[in-house]
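What follows is the residue order along each chain.
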Amino acid sequence: ALKPLVPAGAIQSSQGMAVSADGAALYVASYGYGIARVDLATRAVSRVAADTPAMLDGIDGLARDGGALIAIRNGANPRAILRLTLSADGARIASVETLERANPEWGEPTLGAVCDGVLLYNSDAQWERYPDGPTPDPAVPQRPTRVRALRLRN
């Protein structure tokens, strides 16, 4: 049976999630909060702050790549894919690197996964087709869903 990991409301607008390299923590993207870290042993929730100023709001997709998180930010302009390198203890973001931004081939980039050093992600969520919930607006034409690949390392 499923059981809550943290109390309701502990993390607002939960989006993408990634488990830490050591399996001790869960990172959760929260649209207006940034990145939350859940200690899986104690279930304590803390905010993961960046060592330097960084826009961490509007992150939707989140995946782990070694000691970094790959973040897909679609809730702020410019939309971007970021590498968030974590501190040794995983409690802070030591550096932020933009891997791709404002790609003209994107609609609204969203969730992705890392496989063999490549980020595979949906580059167009098409949320504007669903203004009132699960039924698409027939006036907004459907587009092909494009899964893109972004090599994260050589």
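Please refer to the structure higher up on the page.
First things first, this report covers the structure right here in the doc.

Parameters at a glance
Residues numbered from 1 in each chain as written. Predicted model: local features only at pLDDT ≥ 70, side-chain atom pairs only at ≥ 80, totals over all residues. Heavy atoms only, no water. Salt bridge = Lys/Arg side-chain N within 4 Å of Asp/Glu carboxyl O. Buried < 20%, exposed > 50% of the residue type's maximum accessible area, 1.4 Å probe, protein only. Helix = DSSP H or I, 4+ residues; strand = E, 2+ residues; numbered from the N terminus. Contact = heavy atoms within 4.5 Å.

1. Let's talk about the pattern of salt bridges
In total, this model carries eight salt bridges according to the counting rule given. Across the pair Arg92 and Asp89 runs a salt bridge, and its minimum N-O distance is 3.9 Å. The exposure class of Arg92 is partly exposed, given its relative accessible area of 36%. Classification of Asp89 as partly exposed rests on a relative accessible area of 49%. Notably, a salt bridge pairs Glu105 with Arg148, separated by 2.7 Å at the nearest N-O pair. On the criterion of sequence distance, the pair formed by Glu105 in the loop between β8 (92-101) and β9 (112-115) and Arg148 in strand β11 (residues 147-151) is long-range, its members being 43 residues apart. Under the relative-accessibility criterion, Glu105 is labelled exposed at 56%. Salt bridges here are not isolated pairs; linked through shared partners, they connect Asp51, Asp89 and Arg92.

2. With respect to the environment of Thr135
Looking at where Thr135 falls in the secondary structure, it is placed in the loop between β10 (118-122) and β11. Residue contacts for Thr135: discarding those within four places in its chain leaves Arg129 and Tyr130.

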